[in-house]
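Breakdown of the fold
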Amino acid sequence: MSSTIHEARRTAGPAGEAAVTEKVTIATAVRDALALEMERDPRVIVMGEDVGVNGGVFRATEGLLERFGPERVLDTPLAEDGIIGTAVGMAMTGLRPVAEIQFMGFVYPAVNQLLAHMARIRNRTRGRFHAPMVVRMPYGGGIHAPESHSESYEAMFLNAPGIKVVVPSTPRDTRGLLASAIRDEDPVVFLEPKRIYRAFREEVPVEPFTIPLGVASIPHPGEQVTLVAWGAMVRVCLEAARALEREGISAEVVDLRTLNPLDRDTLLESVRKTGRCVVVHEAPRTAGFGAELVALINEHALLDLEAPVQRVTGFDTVFPYARLEHHYLPNRDRVLRAVKKTFEF
Amino acid sequence: MPRKPIVTATIERLEILSPDGSVDEALLPELSGEDMVGLYREMVRMRAYDEKAVKLQRQGRMGTWAPLKGQEAPQAALALAMEPEDWLIPAFREHGIMLARGVPGHVLYAYWAGDERGSAFPEDVRVFPIPVPVGSQFAHGAGVGMSLALRGEPGVAVTFGGDGATSEGDFHEALNFAGVFRARTIFVIQNNQWAISVPREKQTAAETLAQKAVAHGIPGIQVDGNDVFAVHVAAREALDRARSGEGPTLIEAVTYRLGDHTTADDAGRYRDPEELARWQERDPIPRMRRFLEARGLWDEQQELVLTDEATAWVEAQVEALEAMPAPDPADIFRYMYAEMPASLREQMEELREEVSS
Ligand SMILES: Cc1ncc(C[n+]2csc(CCOP(=O)(O)OP(=O)(O)O)c2C)c(N)n1
Ligand SMILES: [Mg+2]
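Residues numbered from 1 in each chain as written. Chains lettered and ligands numbered in written order. Predicted model: local features only at pLDDT ≥ 70, side-chain atom pairs only at ≥ 80, totals over all residues. Heavy atoms only, no water.

Details of the domain arrangement of chain B
As assigned here, chain B comprises domain 1 (12-326) and domain 2 (329-357). Once you take the C-alpha centre of each, domain 1 of chain B and domain 2 of chain B turn out to be 38 Å apart. (Domains from an automatic or database assignment.)

As C-alpha cells, then:
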C-alpha cells in the first residue's frame, strides 16, 4: 500500500473530518484490505495458488509475501479441496485464513469442503466450533478469458445455508467489505468481479475502515424504477440509469453488495417507492439469485408493483467461449428493454 | 514380533540421448532412420505451430495461448508409440500430440481463439477435448481405459497432465481406479518444473512424481523428458503392458516450460533467468538434430526444406482459421441438450431478435 501512498491526498471524509485517501482500483483495494487486516490481526493468513511469489494472477496479493513472510502468505499446492479443507482446519483452531480460489470456475473440487464442512461446522457442533474464514474468488465474464474462467455461480453458495456471500462493485466497498468479511465470525465467500478489477479508480481512505455486511447501497437514487444488481452488473445498471435519465425516466440503482445476509429493507423500500423493478445478473436465469429476489418482492410488495418484476440475466446455457460472450452478458440495452416492459405493462 | 520392512520401492530414471547428441547405444530403441527423422520433423512442426500462436496472440489475432515450447519430446514420442486405435486424453498444453493424432491445426487454433468449434474434432479423431480444470482429465483417462476393456475393443488410453496437476485429488483417484481395475491407461506427467509460478518442490515433498505410482500399486518410471528416445522406450513398454492386460503405468517426463505459463503470464516475475538458460541448453530439438546429423540422417539442406515446410503448413492453418465464418450466436443454445427445451428456445429467439435488430 505504501507504494502508492504518495498519491494519497486529503479530502473531506463522510463525517466532514479530513481523511487521507488514495485513488485505487478494486484489485489494489483487495490487496490493501488484506494487508491492513494482516497488520491488525496476527491470526489472518493468506493462502492459495500463486498468491505468494507471483502476487496472485490478478496481482491482488502483490507484496504480501515480502511484507508478512511465508508463514502468513502460503503458496499452496495446486489443489482446491486441499486449500479449503486446510483452511477449515485452521479456522476451527484459531486462525483466520483468507483462501484464494484462482477463478470461480475452479472451485468445484472444493465444493465438498465448502458445503459439507465450512458451511455446517457451527451448526453441527452446536457452536462448539466455527469457521471464521474468507474464500476469495474472481468471478464473472467479460474479459475474453479462456473456457471455465468466466463463471458466476453465486447461487450455488446462496443455496448452501451457513455461508455469507459478498460481492463488491467499487474499490471503496471492496476495502470495507473485505475487512468486515475477515473480521466476521462466520465463513464468507467473497466474489470479486474480475471484469472491473482495474476498470476504474476511486478515492479510498488509507486508514482501516469497515462496511457492514448485509447493507445495500444506492449509487444512483431515483423514483420510477428500481434496478437491482451486484458486482460488475452494477455498472451496467448505472449506464442504463443514465440513459433513462436522458429520456426523463428516474431510475434507482440498488447495489446489494451482500447477497447473504440480504438487505431486504433497502430493496423492498426502493421497490415500494418506484413500483417497478428489474433484477440484473450474469448467472443463468433459472434458479439464479434473481428468482429469489422476485419471490421476495412478490411476498412483501406485490400490491406496490405496477408491473411484474423483470429479470435480465445470462442464458440457461454454458458460458460461451470468448467470441460469443458479448451475446451472453447482460448489457445496457437489455436492461433498457426490460425497463420499457415494466412501463408498458 | 519384530519390525521388518514390508514394502521397498525403486524408481528408475531413463536417459538415452544426451544434450550433445550422443546416445547410449545399448538403450537406443530399434527405430528406422525414417522414424527417427519423423520424430524430429514432428517436434519442429510442433514448435513452429506454437511459436506462431504466440505471435498471433501478440497481434490480437489469438486468445490466451499456453506455449508448449520445450515440451515437444514427450508429445512426439507418445505420438509415434501410439496405435491408431488408441485414445488421447490431453491436458491443455498438448497441442503437439493433438495435431499428431489428427486434430486439424486450424481447429485447435480456433479453440484458443475463443471459438467452441475448436473443440469439435472430426469424428474419427480419438482425442478428447481440452480440459481447463487442472487434473480433471486423469479420471477420464482411467475411464476410457476401462471402457475399452469392458466393450472388448482394442486400444489404450493415454492421458497427459502437468506436475501441478499431480497435487489435485483427481489425479490420485484416477491412479487408484486405474490400479484397482487394471485399466488400459497410461498417465504421462509432463513435469515442466512449474505450475504457473509454483515450482515443483512446492507441489510435493516427494523426490519424484513417478513414485506416486507406488502407493497406487502400479509401475512408475521417470524419464528425461527432453530425450525423445527415453520417452519413446518408456511409452512403448507401458503401451505393451496395457495392451496385454497388465494394467496402467505412470510416466514422469522431466522437461521444462521454456515459455511463459500462458500469454497472460510473465515468468520473469518468478523464474531465475539462469535456470531458463540452463534448460535452453537441454532443448529437445537441437539435441535430436545433432544426433541425426552425426548419424548421417540429416543435413543443412534438409533442415532448410523442413523449416519452409513447417512454416507453410502453419500459415495454412492460420489461413484456414481466419477463413472460418463467424460463429453463429444460436450455437450458444444448440448443443445444450439432445432436444432443446421450450424455455431455451425462447431465450434463443430473444437473442436472434436482438442480433437481427
Ligand atoms: C482446478 C484448477 N485450478 C486452477 C487452475 C488455474 N491453472 C491453470 S494451469 C495451472 C497450473 C498447471 O500446472 P501444471 O499442472 O504443472 O501444468 P503446466 O501449466 O505446467 O503445463 C493453474 C493453477 C485451473 N485451470 N484448474
Ligand atoms: Mg507444470
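Back to the write-up after that little detour.
Digging into the sheet that holds strand β10 (residues 217-220) of chain A
Residue and element names in this part refer to chain A. Taken in spatial order, the five strands make up an open sheet running β10-β12-β11-β14-β15, and their pairing is mixed. One side of each edge strand has no neighbouring strand; the edge strands of this open sheet are β10 and β15 (310-314). With strand direction ignored, the average angle separating the axes of adjacent strands in the sheet is 25°. As paired elements, β10 and strand β12 (residues 251-255) share two bridges and run antiparallel to each other. Bridging from a neighbouring strand, histidine 220 pairs with valine 253 of β12. (Pairing = 2+ DSSP bridges. Helix = DSSP H or I, 4+ residues; strand = E, 2+ residues; numbered from the N terminus. Axes fitted to C-alpha atoms, helices over the stretch in contact; angles between N-to-C directions.)

What to know about the environment of A:Ala216
All names here are of chain A. As for its placement among the helices and strands, alanine 216 is situated in the loop between β9 (202-205) and β10. Alanine 216 sits 79 residues away from alanine 295 along the chain, and the two C-alpha atoms are 18 Å apart. Residue contacts for alanine 216: discarding those within four places in its chain leaves Val254, Asp255, Leu256, Arg257, Asp263 and Thr266. (Contact = heavy atoms within 4.5 Å.)

A closer look at the interface of chain A and chain B
Counting residues at the interface gives 34 residues for chain A, matched by 37 residues for chain B. Taking both sides of the interface into account, the surface hidden between chain A and chain B amounts to around 3100 Å²; carbon and sulfur atoms contribute 56%. The largest share of the area that chain A buries against chain B comes from A:Leu78, A:Tyr321 and A:Arg323, three residues that together contribute 23% of it. For the interface between chain A and chain B, the tally reads six salt bridges. In this structure, B:Lys202 and A:Asp75 form a salt bridge, with 3.7 Å as the shortest nitrogen-oxygen distance. Across the contact surface, chain A and chain B share 13 residue pairs in polar contact (both at pLDDT 80 or more). (Buried area = accessible area lost by both parts, 1.4 Å probe. Salt bridge = Lys/Arg side-chain N within 4 Å of Asp/Glu carboxyl O. Polar contact = N/O pair within 3.5 Å; in protein donor to acceptor, adjacent residues only side chain to side chain.)

Re the site of ligand 1
Around ligand 1 sit 20 residues, and of these A:Glu80, B:Arg93, B:Gly164, B:Asn192 and B:Trp194 come closest. Surrounding ligand 1 are residues belonging to chains A and B, so the site spans chains. A:Glu80 is positioned with one of its side-chain polar atoms (N or O) 2.5 Å from a nitrogen atom of ligand 1. The backbone of B:Val132 places a nitrogen or oxygen atom 2.9 Å from a nitrogen atom of ligand 1. A total of 580 Å² of accessible area belongs to ligand 1 in isolation, and the protein chains cover 95% of it. A per-class count over the shell around ligand 1 returns 10 nonpolar, five polar and five charged. (Near = heavy atom within 4 Å. Areas by Shrake-Rupley, 256 points an atom, 1.4 Å probe, with all protein chains shown as cover. Nonpolar A, V, L, I, M, F, W, Y, C, P; charged D, E, K, R; others polar.)

Re the pattern of salt bridges
Residue and element names in this part refer to chain B. Taken as a whole, this structure holds 44 salt bridges over all chains when the rule is applied. Here glutamate 51 makes a salt bridge to lysine 69, at a shortest N to O gap of 3.2 Å. Taken together, the residues glutamate 51 in helix α1 (residues 33-58) and lysine 69 in the loop between α1 and α2 (72-81) connect sequence positions 18 residues apart. Two residues, glutamate 322 and arginine 61, come together in a salt bridge whose shortest N-O distance is 3.0 Å. Residue glutamate 322 is found in helix α12 (residues 300-323), and its partner arginine 61 is found in the loop between α1 and α2; the two are separated by 261 residues along the sequence. Among the residues examined, glutamate 322 registers a relative accessible area of 44% and is labelled partly exposed. One network of salt bridges, in which partners are shared, links Arg289, Glu293, Glu300 and Glu303. (Buried < 20%, exposed > 50% of the residue type's maximum accessible area, 1.4 Å probe, protein only.)

Here's the deal with helix α6 (residues 169-180) of chain B
All names here are of chain B. In a regular helix each residue adds 1.5 Å, so 12 residues correspond to 16 Å; α6 covers 17 Å between its end C-alpha atoms and thus fits that length. What α6 keeps buried is the set Phe171, Ala174, Leu175 and Ala178. Down the axis of α6, the smallest arc covering the buried residues is 95°, so these residues share one side. For α6, the exposed residues lying more than 90 degrees away from the buried face are Glu173 and Val180. Where α6 is buried, its residues contact α5 (137-150), β4 (185-191), α8 (212-215) and β8 (249-254). (Expected span 1.5 Å × (residues − 1). Arc of directions from axis to C-beta.)

A closer look at the side chain of B:Gln190
Turning to its location among the elements, B:Gln190 is positioned in strand β4. You can call B:Gln190 buried: its relative accessible area is 2%.

Notes on unusual backbone geometry
Trans is the prevailing form of peptide bonds, just as negative phi is the prevailing case for residues other than glycine. Residues and elements named next belong to chain A. With an omega of 0°, the peptide bond running from asparagine 260 to proline 261 counts as cis. Structurally, proline 261 can be placed in the loop between β13 (258-260) and α9 (264-274). Unlike most non-glycine residues, arginine 59 shows phi in positive territory, near 65°. Considering the arrangement of structural elements, one finds arginine 59 in the loop between β3 (44-48) and α2 (64-68). With a phi close to 55°, histidine 144 is a non-glycine residue in the positive phi region. Turning to its location among the elements, histidine 144 is positioned in the loop between β6 (134-139) and α6 (154-158).

Description of the domain arrangement of chain A
Residue and element names in this part refer to chain A. Under the domain assignment used here, chain A contains domain 1 (19-205) and domain 2 (217-344). Centre-to-centre separation of domain 1 and domain 2, based on C-alpha positions: 26 Å. For the domain 1 and domain 2 pair, buried surface summed over both sides reaches about 2100 Å², with 55% attributable to carbon and sulfur atoms. Looking only at domain 1, the three residues that lose the most surface to domain 2 are Leu158, Val167 and Arg195, adding up to 21% of its buried area. Run the count over domain 1 and domain 2 and you get one salt bridge. Salt-bridge contacts for arginine 257 lead to aspartate 173; the nearest nitrogen and oxygen are separated by 3.0 Å. Applying the counting rule to domain 1 against domain 2 returns 11 residue pairs in polar contact (both at pLDDT 80 or more). Put simply, the parts of the chain that give the side of domain 1 that touches domain 2 at least two residues each are α6, β7 (164-166) and α7 (171-183). Classifying every residue of the side of domain 1 that touches domain 2 gives 16 nonpolar, seven polar and six charged.

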